[in-house]
Each structure stands twice: as structure tokens, then as C-alpha cells.
Amino acid sequence: DTEPPTKTPSRAGFSSRLGFVLAAAGSAVGLGNIWSYPTQVAENGGAAFVVIYFLLTILLAYPALVAELLIGRYAQSNPVSALEKLPENIVWQPVTRLTALIAVLMICLIFSFYSIVGGWIMGFTLSPLLELLSFNTAAHWLETFSPARNLLLAVLFTIATLAVVNGGVKDGIERWSSRLMPLLIVLLLALIAFVTTQPGAMEGLKHYLVPDISRIDTSLVLSALGQAFFSMSLGVGAMMVYGSYLSKTSNLPTVAFQVCMLDTAIAFLAGLLIIPALFVALNLGINIYSESGQLIHSDTLVFEVLPALFGALGSFGVPVAIAFFCLMSIAALTSSISMLEVPVSCLIERAGMNRTKASTLVCLGVLLIVALVTSSFDPLFGAIVTLTTQYAQPLNGLLFCLYAGWLMGRNRKLQEIRKGWPEVEQSLFWRIWPWYIRIVCPTLIAIIFLAEH
Ligand code: PFF
């Protein structure tokens, strides 16, 4: 009962623990951290949201991350096979298989909306460069909303993702995540240093760091939960497939903690950049409030307020704009590769396809969804975002906890963690985590969810 039913000895994996941490953090750190987190903070009363978000990250997202990575590493296979193999009693197999198929479908939907937004961001990175070369019409087209632009840029973003994933686990995912993540951190720190020295920034820092407790209600808590699960890439198999590439000798709860801390730290830093940037913009006469007096909506923030701010910065504006949108493009790409890897690993291992064929096929399918969404953007885009991030990720994450908690059995969990942490049985972690993911995590997620619906 201690080994997974089938083993694939030649299966590829990450070459080092650092490589894994950077790749998993690359998946976790994305538009969720640099865009959605700061805007949710701004919309939900500043620091009040930050406090609840941090609490939920530690109390719910971290234990769920360990569960998802553990299932993947134990099974040594793609998420569909992993979940299918998990139950000892085969009565449960159709249920876990269905959950896995839903997860794969949901991650394809996430990949499709992520490609559209990632494409816009690439457009905003290219546009100042084109302007420097005096291609002003093209630069303007890239920044203006239209179905054709949305589709073209999404194709570009998907091709970039495809190119990395085609390289495989070590030479594609690990190599590119290890190069891009440090670059992302350097760019982020440089931009924070620049923005906090601008007039108005301190006002923003105050908004970000001083909590308004009266803003905490069930809808804020549910938003924070959705944000925590989205930000840690939970509930859709991305962490499960990365877990399956993690070496058996790595201490899983520790590396999961490192990934969790990196993700949270980078979200926190992104808040230190974006919220003060908003108030610097206000100082320059750019409106940051909507008619109802709320801080402006998130798309307007990234695609109107910030470009206006960069435009008002004089000669600094162009390099700062390029650095900012490069930062966003990198964050988006290291996340999208983990999305593509989920269906690709399933097709390689279950349908016997080679990597290039599998990834091309998935990308074509995703681009079909993208074409549909860009052609009737208004109802579809929002619906897909809500379905995947507000419903699928927390609910599937809840199921993964239940499966790891109830179907995997205490012994199998212990054996698997022990491989990289021989003394785990004596630890505080082991005293808490097994019953925590069986009972506490699923119950808390369900309560938060039901309170709001
Ligand atoms: N965690 C990513 C972000 O914060 O932008 C988004 C994401 C990646 C969600 C991978 C889901 C996923 F499977």
C-alpha cells in the first residue's frame, strides 16, 4: 500500500530543488500577484484585505498546496492518472477521474483568458518600442481594444508559451522559469525604488498599509479566498503536475512553504508598487476614482492610469513603461507554461503523443476558445473568469484536500513525505496537517463559499 500502482522510471523531472521552487513560484507568481492582488486591495479597503488574504494563505492555501503537490509526487504522473490512481477502493475512481477531467477543462479555460490578457500586456510592451521607431499607427493599434488585436496578441502569447513547453520539463519549463523569475524580482524592486521616490507615493503607502477593519465582510473574505487559490495556482492540477516532477528526496512541506512565501512576498511587493503608483498618478492630475468615488476598476488601472502615468513622467516614462510591462509579461508567461503543461502531460502519458504534437493540439484548441471569446467578449470573458476563479478553483481545491485527506490514507501520505523528510513523524507539521486537510480545510472553504452564495 506504500507505492503507486505503476511507475515510470524514465519520467522527466526538475534537476534541482531550486529549479522546482523557481518553476512552481513562476506558476504561482503571475497576473494574479501583480495585477489582481493590488487592485483587489485597492477596491477592498486597503490593508483590511491584506490581513485577511495573508491569513487565508497560511490557513487554507498552504495546506492545500502541500496536498496537491503530494498527490502529484506520489503518483508520478499527470493529474488525470494521478487522481485516478489515488483511491484504494475503486468505487471512488469514477469520482476522482471526473474531478481531474473538470480540472483539465478548467485550466484550459484559464489558459484561454490568460492568453488574452497576456497578449494585451505583450502589446503594451511592444507599443513603446514601436513608438520609438516611429511606427505610431501600429503602436496605437496595439493599445486599442479590438477583436482583431485581441486575437492576434493572444496568438502571440500562446506561441511564446508553446515554445517554452515544447522544450520539456528541464530544458523548457525549469530553464526559463529559473532565468525569468530572478529578472522579475529585479525589475519589481527597481520599479518600487523609482515609484516610492515620486511625489504622492506616501499617500498610497498609507492606503496600502493602514487597515480599515470596518471593510471586512463575507464578500471580502470570499474574494480573498478566491485570490489566494488563484494566486497559488490551486485546484486545477498545475501544482499537481509540477509536484510529479519534484525529486523524491526533496522535503515537500518545506519547498511548498518556500513557494508559498515567495508568492505572497511578491504579491506584497507588487502592492508596494501599484498602490503608490496610483497616488503618484493622482498627484499628476490623472483621475484614479470612478464616478461612485471608488478606486478605479482594474483594467482601467493597468491599461489607462499606468500608461498615463508613464506618459507624464517625461524622459523616464518610456523605459519605466517598458520595464513595467516586461515584468507583467514575464509573470504571465511563467504562469501560462504551467497551465499548458497540465493537458500536455495528460496527452503525452495517456494518449501516447509526443510533446510537440500534444502541445500544438492543446494550443489550437485553446485558440479556438480564444477566438470565440474575442468575438463576443462582453458576456464570455467575464463568465469564464468567474466560473474558473470563483467556483472551480476553490471547489476543486476543496475536493483535492478531501481526496488527499480521506482517500490517500495516513500511511501512504507519511511514506511519501518521509522520503524527503525522514523525521517528519516527530514534527508539529505531521501532528496537524493530516486532520487539518481532512476536516478543517474543506469545512472552512465550504463555509466561506456558502456564506456568500
Ligand atoms: N497563479 C497565477 C497567477 O497568480 O497569476 C495564475 C494561475 C496559474 C492560475 C496556473 C491557475 C494555474 F493553474
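Cut-off values and rules
Residues numbered from 1 in each chain as written. Predicted model: local features only at pLDDT ≥ 70, side-chain atom pairs only at ≥ 80, totals over all residues. Helix = DSSP H or I, 4+ residues; strand = E, 2+ residues; numbered from the N terminus. Buried ≥ 20, exposed ≤ 12 C-beta atoms within 10 Å, placed from the backbone. Contact = placed C-beta atoms within 7 Å. Core = buried A, V, L, I, M, F, W, Y, C linked by C-beta atoms within 7 Å. Near = placed C-beta within 6 Å. Nonpolar A, V, L, I, M, F, W, Y, C, P; charged D, E, K, R; others polar. pLDDT = per-residue confidence, 0-100.

Peer 1: I tried to follow the overall build of the protein on my own but got confused; where do I start?
Peer 2: Helices and strands together make up the secondary structure of the protein, namely 18 helices and zero strands. Dimensions of the protein, computed from C-alpha atoms along their principal axes, come out at roughly 65 × 50 × 40 Å. Looking at the 453 residues of the protein, the share that counts as buried comes to 50%. Pairs at least 24 residues apart make up 84% of the contacts formed inside the protein by residues separated by at least 6 positions.

Peer 1: Sorry if this is basic, but what is going on with the environment of Met 239 here?
Peer 2: Position of Met 239 among the secondary structure elements: in helix α11 (residues 238-244). Along the primary structure Met 239 and Ala 25 are separated by 214 residues, whereas in three dimensions their C-alpha atoms are 10.0 Å apart. The residues touching Met 239, leaving out its near neighbours within four places in the chain, are Ala 24, Leu 65, Glu 68, Leu 69, Ser 233 and Leu 234.

Peer 1: Looking at this model, I keep getting lost on the nonpolar core. Mind explaining?
Peer 2: What tends to happen in soluble globular proteins is that the nonpolar side chains get buried as a cluster. With 152 residues, the main nonpolar core has Ala 61, Leu 65, Ile 71, Ile 107, Val 259, Leu 278 and Met 328 as its most contacted residues. Beyond its immediate sequence surroundings of up to four residues, Val 259 is in contact with Val 21, Ala 24, Ala 25, Ala 28 and Leu 65.

Peer 1: Explain unusual backbone geometry here, please?
Peer 2: Excluding glycine, most residues fall at negative phi; most peptide bonds, likewise, are trans. In this structure, Ser 134 takes a positive phi of about 65° despite not being glycine. Mapped onto the fold, Ser 134 is located in the loop between α5 (93-132) and α6 (136-143). The phi angle at Ser 233 is positive, at roughly 55°, despite the residue not being glycine. With 32 C-beta atoms packed within 10 Å, Ser 233 lands in the buried category.

Peer 1: Would you mind showing me how to read the site of the ligand here?
Peer 2: Surveying the vicinity of the ligand reveals 16 residues, the closest of which are Gly 30, Gly 32, Ser 233, Ala 238 and Ser 335. Those elements that provide at least two residues to the shell around the ligand are α1 (17-28), α2 (31-43), α5, α10 (218-231) and α14 (317-351). Here the residues of the shell around the ligand are counted per class, giving eight nonpolar, eight polar and no charged.

Peer 1: Would you mind showing me how to read the confidence of the model for the protein here?
Peer 2: In regions of low pLDDT, the predicted coordinates are not meant to be interpreted in detail. Averaged over all residues, the pLDDT of the protein equals 92, while 97% of them reach at least 70. Scored as a whole, the predicted complex attains pTM 0.94, and scored at its interfaces, ipTM 0.99.

Peer 1: What is the right way to look at the environment of Glu 43 in this model?
Peer 2: Checked against the element boundaries, Glu 43 lands in helix α2. Once you skip the residues sitting within four places of it in the chain, Glu 43 turns out to touch Gln 294 and Leu 295.

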